Amino acid sequence: MILDKTLKTLEFDKIMASVSAYAVLDCSKDYVLNEKPCENIQQANFSLDKTEEAHKLLFTHNCSGVYFFDDVSEFLIRADMGGTLINGELLKIAENLKGARILKTTILSVKDESLKIVPEIASRLYVNLDFEKEIASKIISEDEISDNASVNLARIRKDIRSINVAIREKLTSFMRGGNKYLQEGVITKRQDRYVVPVKSEYRSFVKGFIHDQSSSGATVFIEPEAVMELNNRLKGAMLDEYNEI
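Residues numbered from 1 in each chain as written. Predicted model: local features only at pLDDT ≥ 70, side-chain atom pairs only at ≥ 80, totals over all residues. Heavy atoms only, no water.

A. The arrangement of the nonpolar core in detail. Counting 18 residues, the largest nonpolar core has Ile163, Ile167, Leu171, Val196, Val198 and Leu234 as the members making the most contacts within it. Looking at this core, the elements with two or more residues in it are α9 (151–177), β4 (193–199), β6 (219–224) and α10 (225–244). Broken down by element, the residue count for this core peaks at 6 residues, all from α9. Those residues in contact with Leu234 that lie beyond four places of it in its chain are Ile160, Ile163, Asn164, Ile167 and Tyr194. (Core = buried A, V, L, I, M, F, W, Y, C linked by side-chain atoms within 4.5 Å. Buried < 20%, exposed > 50% of the residue type's maximum accessible area, 1.4 Å probe, protein only. Helix = DSSP H or I, 4+ residues; strand = E, 2+ residues; numbered from the N terminus. Contact = heavy atoms within 4.5 Å.)

What follows is the structure, given as C-alpha cells:
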C-alpha cells in the first residue's frame, strides 16, 4: 500500500509509459508497463548492469536493435497440438525466426569481455535458418503458395497450365469457325468452366451445355462439346491442387 502511494506520487506509471514508447514489440511494451521497482539491491544492480550492457551494444558497438515481429505464441501452441497453420501465420513465424537470428548473431559477434549478461541471454534465443528459408521459399504471400512447396504441387500446377492452354486453343479455333454464332469474340467462365457467348437465336447450332444466359436473354453461355472433357480434367486438377495445399 505504501509502495503504491509512493509510485503514484512519483508518477511512476507516466515514466513507464514514456519508456514503453521505445519498445519495438507489443509484448515488450506490456512488460514495461507492468514493471515494478526492484525489491532488493542485488536485483537492482543486476538490472543496471544489464541496461549498461545493452546501451554499450547499441551505441558503442553499433548493434542493431530488435526487429518488429508479431506474437506467434498462439500459433505455436496450436501447431504443438497438431493444428494447421495458414500462410500468414507461417510467414509471421519466419519473421520471428529472422528477428531472433539477426539479434543473436549481431550480439554474439561482438568481442567485448565486459559484456556478460546480454550475450548469455542472446545465446538462448532459438534460431532455425533451414526452417526460416523453407517457409520463405514455399510461401509467397498470405494468399499464394509457391510451386516449390512440394513436388506433387509443382506437377499439378504444370498440368493445370497445360490444360488451360489446350482449352483456350480449342475455343479459339472454335470461335474462328463459328464467329457468326457468337455475341462477341471472347472466352469466359461460368461455374468454373470455360464457355463462349452465343447469340440466343443460334443456340441450337452450337453443340454443348448451356450454363447461363444474359439478363436480356440475348446471349447464352455454352460449353462446347469440344472442351467438356478438358474442363472436367481442369476441375479435377484444381481439386487436386486444393487438397495438396
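B. Quick peek at the environment of Leu125. Relative to the helices and strands, Leu125 is located in the loop between α7 (117–123) and α8 (129–138). Residue class for Leu125 comes out partly exposed when judged on its relative accessible area of 29%. Leu125 sits 122 residues away from Leu3 along the chain, and the two C-alpha atoms are 35 Å apart. Excluding residues that lie within four positions of it along the chain, Leu125 makes contacts with Ala100, Leu103 and Lys104.

C. Main features of the confidence of the model for the protein. Considering every residue of the protein, the mean pLDDT works out to 90; 99% of them sit at 70 or more. Confidence, read as mean pLDDT per element, is least for helix α1 (residues 2–9) in the protein (81) and greatest for α7 (96). (pLDDT = per-residue confidence, 0-100.)

D. Expanded view of the packing of α9 against α10. Their axes nearest at 9 Å, the elements α9 and α10 cross at an angle of 160 degrees. Relative to α10, the element α9 lies roughly antiparallel. Classified by chirality, the crossing of α10 by α9 is left-handed. The segment α9 lies against α10, with Asn152, Leu153, Ile156, Arg157, Ile160, Ile163, Asn164, Ala166, Ile167, Lys170 and Leu171 engaging Ala226, Val227, Leu230, Asn231, Arg233, Leu234, Ala237, Met238, Asp240, Glu241 and Glu244. Class assignment of the residues belonging to the contact of α9 with α10 gives a composition of 13 nonpolar, 3 polar and 6 charged. (Axes fitted to C-alpha atoms, helices over the stretch in contact; angles between N-to-C directions. Parallel < 35°, antiparallel > 145°, perpendicular 65-115°, else oblique. Left-handed = near helix turned anticlockwise from the far one by under 90°. Nonpolar A, V, L, I, M, F, W, Y, C, P; charged D, E, K, R; others polar.)

E. The sheet that holds strand β5 (residues 208–213), seen in detail. Across the sheet, 4 strands lie side by side as β3-β4-β6-β5; this open sheet has antiparallel pairing. Whereas interior strands pair on both sides, the edge strands pair on one side only; in this sheet they are β3 (188–190) and β5. Along the sheet, successive strands turn relative to each other by an average axial angle of 50 degrees, direction set aside. In this structure, β4 lies alongside β6, joined through 4 bridges in antiparallel fashion. Within β6, the position partnered with Val196 by the bridge is Ile222. Of the strands in this sheet, β4 and β6 touch α9, which is tilted by about 10 degrees from β4. (Pairing = 2+ DSSP bridges.)

F. Fine view of the pairing of β5. In this structure, β5 lies alongside β6, joined through 5 bridges in antiparallel fashion. Pairing of Asp212 across the sheet is with Phe221, part of β6. Linking two consecutive strands that pair antiparallel, namely β5 and β6, is a turn of 5 residues; a positive phi of about 85 degrees is found at Gly217 within it.

G. Just helix α2 (residues 12–20), in detail. Taken as a whole, α2 has its buried residues at Phe12, Met16 and Ser20. Seen along its axis, α2 keeps its buried residues to an arc of 75 degrees; they face one direction. (Arc of directions from axis to C-beta.)

H. Structural detail: α9. With 27 residues, α9 extends 40 Å from end C-alpha to end C-alpha; this agrees with the ideal 39 Å at 1.5 Å per step. Taken as a whole, α9 has its buried residues at Leu153, Ile156, Arg157, Ile160, Ile163, Asn164, Ile167, Leu171 and Met175. Summarising the contacts, the buried residues of α9 are in contact with β2 (144–145), β4, β6 and α10. (Expected span 1.5 Å × (residues − 1).)

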